[in-house]
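Read off the chains here:
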Amino acid sequence: MELTPRIKRRIGKDYTGEDRQAVEEILIELVNKYEVGGGAERIAAATLIHGQGKVDRFLLAVQIAREDFRDILTNSGLEDEDWRERLDSMFGEDS
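Structure report, in brief.

Rules used in this analysis
Residues numbered from 1 in each chain as written. Predicted model: local features only at pLDDT ≥ 70, side-chain atom pairs only at ≥ 80, totals over all residues. Heavy atoms only, no water. Helix = DSSP H or I, 4+ residues; strand = E, 2+ residues; numbered from the N terminus. Buried < 20%, exposed > 50% of the residue type's maximum accessible area, 1.4 Å probe, protein only. Lys, Arg positive; Asp, Glu negative; His and termini not counted. Salt bridge = Lys/Arg side-chain N within 4 Å of Asp/Glu carboxyl O. Contact = heavy atoms within 4.5 Å. Core = buried A, V, L, I, M, F, W, Y, C linked by side-chain atoms within 4.5 Å.

### Description of the side chain of Arg42
Moving on, step 1. Locating Arg42 in the fold gives a position in helix H3 (residues 39-51).
Moving on, step 2. Comment: no salt bridge for buried Arg42; closest opposite-charge side chain is Glu79, at 6.8 Å.
Moving on, step 3. Those residues in contact with Arg42 that lie beyond four places of it in its chain are Leu73, Leu78, Glu79, Asp80 and Trp83.

In structure tokens, the structure reads:
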């Protein structure tokens with residue numbers, strides 16, 4: 001699965017150099033199992049929100065998402081029915 005343009009933009013904003021490439025690769029591996037119904041982008045976004053541009057926080061977010069993706073959604077504020085609107089406001093409207 002390919003990451004959406006807005007997810008890639010956020011990675012580029014939050015991370016630099018080698019960290020950017022590693023974050024992309026880890027996210028692709030993480031979300032490959034969540035492709036149905038926009039779940040992959042939602043989980044990728046939640047992981048980036050939780051990471052706050054810090055590699056150690058990002059890796060913790062990945063671990064949380066791997067254990068139970070619902071926890072990372074809750075930790076990032078994307079757990080409710082308005083998650084699409086929240087995602088659009090934080091990442092932009094294009095996917």
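Let us keep going from here.
### Details of the side chain of His50
Moving on, step 1. Tracing the sequence through the fold places His50 in helix H3.
Moving on, step 2. Residue His50 is classed as buried on the basis of its relative accessible area of 12%.
Moving on, step 3. Residues within four places of His50 in sequence aside, it is in contact with Arg57, Leu60, Ala61, Ile64, Ile72 and Asn75.

### Concerning the environment of Gly92
Moving on, step 1. Relative to the helices and strands, Gly92 resides in the segment after helix H6 (83-91).
Moving on, step 2. Sequence separation between Gly92 and Arg6 is 86 residues, and the spatial gap between their C-alpha atoms is 6.7 Å.
Moving on, step 3. The residues touching Gly92, leaving out its near neighbours within four places in the chain, are Arg6 and Leu87.

### Some thoughts on the nonpolar core
Moving on, step 1. Judged by nonpolar contacts, the single largest core of 27 residues is most densely connected at Ile7, Ile11, Leu27, Leu48 and Leu78.
Moving on, step 2. When residues of this core are traced back to their parent elements, those giving at least two are helix H1 (5-14), helix H2 (17-31), H3, helix H4 (55-67), helix H5 (69-76) and H6.
Moving on, step 3. Among the elements that make up this core, the one with the highest residue count is H3 (7 residues).
Moving on, step 4. Beyond its immediate sequence surroundings of up to four residues, Leu78 is in contact with Arg42, Ala45, Ala46, Ile49, Leu73, Trp83, Arg86, Leu87 and Met90.

That's the geometry; what it means functionally is another story.
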